[in-house]
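# Working through the structure, step by step
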Amino acid sequence: MKAWYLLYCKSRGETRAQQNLALQQIETYLPTYPEEKLVKGQVTVRRVSLFPSYLFINFDPEVTSVAKIHNTRGVIRIVGCKELMTPIDDSVIHAIKLREHKLLSTLMPEESRAIPEMKSGDKVCFTKGPFAELEGIFDEENGEKRCFVLFELMGKQQRVIVEKDTIQPTKAKS
């Protein structure tokens, strides 16, 4: 029966494995997320593998030989493939795809990002980066693109410097 399985690939070889499996008409899914990087003063966005060295494949082991997949360039092995292969529930793949789509749709070109005015004491929510979806308190601006935010960390309030476009004011609850 056709199902999703997890494939372990050679280091940084998941794209190569995906291409070679596509040549064999095997459906694959490589979850990615957008990563912004400052290169020579320019912000560039690239898609990075969510699970480095892993790739999801959708196939029927009774139709397609497991040995054929193991012998595909870039592939090391199907995870959990000893005696009985363990399929991954479709709902898990669907949830990962939804999360990936949400991450990609929130990423807009920098020119179109409107940075709202904030004043000291305003509650803010981090929209991306390592603090994504956490809250803090806007303290003050620090230049054109950065600001200080008060953030509770390990029971103490810490002052951290962040990019202005990584935060937004939280909506007042009524």
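In this text, all values refer to a predicted model and were calculated from it rather than measured experimentally.

### A look at the sheet that holds strand β2 (residues 27-29)
- If you walk across this open sheet you meet the four strands as β2-β5-β1-β6, and the pairing is antiparallel. In this open sheet, the two edge strands, each paired with only one partner strand, are β2 and β6 (75-78). Strand after strand, the sheet turns through a mean of 35° between neighbouring axes, direction not considered.
- Strand direction decides the pairing type here: strand β1 (residues 3-9) and strand β5 (residues 54-59), joined by six bridges, are antiparallel. Its bridge partner being in β5, Ala3 is matched across the sheet by Phe59.

### Quick word on the confidence of the model for the protein
- Averaged over every residue, the pLDDT of the protein is 82; the share at 70 or more is 89%.
- Across residues 108-113, where pLDDT falls below 50, the model places eight contacts with residues more than four positions away in sequence or in other chains.

### Examining the packing of aromatic side chains
- Taken as a whole and assessed by the stated rule, the structure comprises four aromatic pairs.
- Pairing Tyr29 with Phe56 gives two aromatic rings, centres 6.2 Å apart and planes at 25°, and the pair type is stacked. Of this pair, Tyr29 sits in strand β2 while Phe56 sits in strand β5, and the two are 27 residues apart along the sequence. Judged on exposure class, the residue Tyr29 and its partner Phe56 are both buried.

### Some remarks on the nonpolar core
- Grouped together as the largest cluster of nonpolar side chains are 16 residues, with contacts concentrated most on Leu7, Leu21, Ile57, Phe59, Ile69 and Ile78.
- Going through the elements one at a time, β1, α1 (14-23), β5, α2 (66-70) and β6 are the ones with two or more residues in this core.
- Sorting elements by how many residues they give to this core places β1 first, with four residues.
- Apart from residues no more than four positions distant in its own chain, Leu7 is found in contact with Leu21, Ser53, Tyr54, Leu55, Ile57, Ile69, Val75, Arg77, Ile78 and Val79.
- The next biggest cluster of nonpolar side chains, apart from the first, holds 10 residues, and it includes Met118, Val124, Phe138 and Val162.

### As for α1
- Buried within α1 we find Glu14, Ala17, Asn20 and Leu21. On an axial view of α1, the arc spanned by its buried residues comes to 125°, and they lie on one face.
- Buried residues along α1 sit against β1, β2, β4 (42-49), β5, α2 and β6.
- Phi for Gln25, located one or two positions after α1, is positive at around 60°.

### Some words on the layout of surface pockets
- Computed from the structure, the second largest pocket encloses a volume of approximately 220 Å³.
- Sorting the residues of the lining of the second largest pocket by element identifies α1 and β4 as the ones contributing at least two each.
- Per-element tally for the lining of the second largest pocket: the top contributor is β4, with four residues.
- Residue composition of the lining of the second largest pocket, by class: three nonpolar, five polar and four charged.

### Some points on a nonpolar patch on the surface
- Together, Leu50, Phe51, Tyr54 and Val79 make up an exposed nonpolar region whose accessible area comes to about 290 Å².
- Within the element layout of this structure, Phe51 appears in the loop between β4 and β5.

### Focus on the pattern of salt bridges
- Counted by the stated rule, this structure contains six salt bridges.
- Here Arg47 makes a salt bridge to Glu100, at a shortest N to O gap of 3.3 Å. One end of the pair, Arg47, is in strand β4; the other, Glu100, is in helix α3 (residues 90-106), and 53 residues separate them in sequence.
- Note on Arg47: relative accessible area 53%, which makes it exposed.
- The class of Glu100 is buried, set by a relative accessible area of 10%.
- Across the pair Glu141 and Lys164 runs a salt bridge, and its minimum N-O distance is 2.9 Å. Here Lys164 lies in the loop between β10 (156-163) and β11 (167-169) and Glu141 lies in strand β8 (residues 135-142), a separation of 23 residues in the sequence.
- Assessed through its relative accessible area of 44%, Glu141 is described here as partly exposed.
- Among the ionic contacts, a cluster of salt bridges with common partners joins Asp139, Glu140 and Arg159.

Cut-off values and rules
- Residues numbered from 1 in each chain as written.
- Predicted model: local features only at pLDDT ≥ 70, side-chain atom pairs only at ≥ 80, totals over all residues.
- Heavy atoms only, no water.
- Pairing = 2+ DSSP bridges.
- Helix = DSSP H or I, 4+ residues; strand = E, 2+ residues; numbered from the N terminus.
- Axes fitted to C-alpha atoms, helices over the stretch in contact; angles between N-to-C directions.
- pLDDT = per-residue confidence, 0-100.
- Contact = heavy atoms within 4.5 Å.
- Phe/Tyr/Trp six-rings, centres within 6.5 Å; stacked < 30°, edge-to-face > 60°.
- Buried < 20%, exposed > 50% of the residue type's maximum accessible area, 1.4 Å probe, protein only.
- Core = buried A, V, L, I, M, F, W, Y, C linked by side-chain atoms within 4.5 Å.
- Arc of directions from axis to C-beta.
- 1 Å grid on protein atoms, 1.4 Å probe; cavity = no way out; pocket = protein on both sides within 12 Å on 5 of 7 lines; lining within 4 Å.
- Points joined across faces, edges and corners; volume = space filled by probe spheres on them.
- Nonpolar A, V, L, I, M, F, W, Y, C, P; charged D, E, K, R; others polar.
- Patch = residues over 30% accessible without salt bridge, like charges linked within 9 Å, V, L, I, M, F, W, Y side chains within 5 Å.
- Areas by Shrake-Rupley, 256 points an atom, 1.4 Å probe, with all protein chains shown as cover.
- Salt bridge = Lys/Arg side-chain N within 4 Å of Asp/Glu carboxyl O.

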